[in-house]
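# Results of the structural survey
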Amino acid sequence: MPPFSFSECLALLDEDPSGVEDYVASHATAGDERAVRHCSALSNVLLGNAPLAAEELDRLARDRRRGPQETEDSSPEERADVAADAARAWLAADQPGKAVASSDYGLELEPESVVLHLLKARAFLRLKEPEQALGVLSALGNDPILSSETHRLRASAELALNQPEQANRDVALSLAADPDDPAALLDRGIIRQRLNDLAGAQADWQRVIDLAPDSHEADLARQDLDVLAADPDALPPSHETVSSGMATASHAATP
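### Observations concerning the packing of helix α4 (residues 50–62) against helix α6 (residues 96–109)
Packing of α4 against α6 leaves a shortest axis separation of 11 Å and a crossing angle of 20°. Viewed along their axes, α4 and α6 adopt a mutual orientation that is roughly parallel. Seen from above, α4 lies across α6 with left-handed handedness. Residues Asp-58, Ala-61 and Arg-62 of α4 touch α6, and the partners they reach there are Ala-101, Ser-102, Tyr-105 and Leu-109. A breakdown of the residues in the contact of α4 with α6 according to their chemical character gives four nonpolar, one polar and two charged.

### Describing the state of the cysteines
Note on terminology: a disulfide is the covalent bond linking the sulfur atoms of two cysteines. If you walk through the whole model with that rule in mind, you get one disulfide. Bridging Cys-9 to Cys-39, the disulfide has an S-S length of 2.0 Å. Disulfide Cys-9-Cys-39: torsion about the S-S bond near -100°, hence left-handed. Highlighted residues: Cys-9 in helix α1 (residues 6–15) and Cys-39 in helix α3 (residues 33–46), separated in sequence by 30 residues. Across the pair, Cys-39 and Cys-9 agree in class, each one buried.

### What about helix α13 (residues 216–230)?
Between the first and last C-alpha of α13 there are 22 Å, a value that for 15 residues agrees with the 21 Å anticipated at 1.5 Å per step. If you check which residues of α13 are buried, you get Glu-217, Ala-218, Leu-220, Ala-221, Asp-224, Leu-225 and Leu-228. For α13, the arc enclosing every buried residue in end-on projection is 160°, short of the 170-degree limit, so these residues lie on one face. Turned more than 90 degrees away from the buried face of α13 sit Asp-226, Ala-229 and Ala-230, all of them exposed.

### Re helix α9 (residues 147–160)
Over its 14 residues, α9 extends 20 Å from the first C-alpha to the last, a length consistent with the 20 Å expected when each residue adds 1.5 Å. Counted residue by residue, α9 has 11 buried out of 14 residues, so it is predominantly covered. Restricting attention to buried positions, one finds in α9 the residues Ser-148, Glu-149, Thr-150, His-151, Arg-152, Leu-153, Ala-155, Ser-156, Ala-157, Glu-158 and Leu-159. Turning to α9, the residues buried within the fold contact α7 (114–126), α8 (130–138), α10 (164–177) and α11 (182–194). Phi turns positive one or two residues past the end of α9, at Asn-162, with a value near 60°.

### Observations concerning the confidence of the model for the chain
Predicted confidence across the chain gives a mean pLDDT of 88, with 87% of residues reaching 70 or more. Per-element mean pLDDT across the chain ranges from 91 in α1 up to 98 in α6. Note that residues 242–254 has pLDDT below 50 and, in this model, 32 contacts with residues that lie over four places away or in other chains.

### Observations regarding the nonpolar core
In summary, soluble globular proteins display a tendency toward joint burial of nonpolar side chains. In terms of nonpolar packing, the biggest core is built from 51 residues, with Phe-4, Val-20, Leu-57 and Leu-118 touching the most fellow members. Examining the composition of this core, we find that nine residues originate from one element, helix α5 (residues 76–92), more than from any other. Contact partners of Phe-4, with chain neighbours within four places excluded, come to Cys-9, Tyr-23, Val-24, His-27, Ala-28, Thr-29, Asp-32, Ala-35 and Val-36.

Calculation criteria
- Residues numbered from 1 in each chain as written.
- Predicted model: local features only at pLDDT ≥ 70, side-chain atom pairs only at ≥ 80, totals over all residues.
- Heavy atoms only, no water.
- Axes fitted to C-alpha atoms, helices over the stretch in contact; angles between N-to-C directions.
- Helix = DSSP H or I, 4+ residues; strand = E, 2+ residues; numbered from the N terminus.
- Parallel < 35°, antiparallel > 145°, perpendicular 65-115°, else oblique.
- Left-handed = near helix turned anticlockwise from the far one by under 90°.
- Contact = heavy atoms within 4.5 Å.
- Nonpolar A, V, L, I, M, F, W, Y, C, P; charged D, E, K, R; others polar.
- Disulfide = S-S within 2.5 Å.
- Buried < 20%, exposed > 50% of the residue type's maximum accessible area, 1.4 Å probe, protein only.
- Expected span 1.5 Å × (residues − 1).
- Arc of directions from axis to C-beta.
- pLDDT = per-residue confidence, 0-100.
- Core = buried A, V, L, I, M, F, W, Y, C linked by side-chain atoms within 4.5 Å.

Right under this line is the structure:
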């Protein structure tokens, strides 16, 4: 029986999350109990069992023990990664308050984690607490990898605080780093409508549809275009476009 590989299990999540149980059963898992629990929980998120998975990930993040054949405890960095996955799972389960708690625990283990700060800010935005989200984001430096997401979340918070000019500046910085990001383009369309740039808003939402026609962002862009066509003075809401991002959650630089 071949040995269990966490990286192979993660790769399977992208292809067939329902096949994780069979993968585990057909591989020797001695000494890899934590990795098995971790990958199985991630598969549960993708299969629609996010609350159950989030609880398991929280337990795993707080349990420093490895398997009986290993002598060292799990590292704080590894457990912080699991806490980030727990926060993602709580967001997928639409329980942002618990996502904040998971993020806070992860930050106790790894205080400088940009990913955990961004997850916490996302959760505060879902809780409709934009001031708290901005407070979390203000603590971040200019991380070159995640600066686009930082500015996009800042723009969402500023828009919720009725600060469209500031939001416009931040979303411009986000798009400067990633010009074809559908989520940022969707947000800029909303900001532009708030600033009475209806043609710009329409162009951004159409661009989202062109870039990713089958995405959640494209569905929201179509809704906004319909609202714009029916009543140009009606303001669309700020949209939640968070995806669970679980398949490569612990190894990708995305929240």
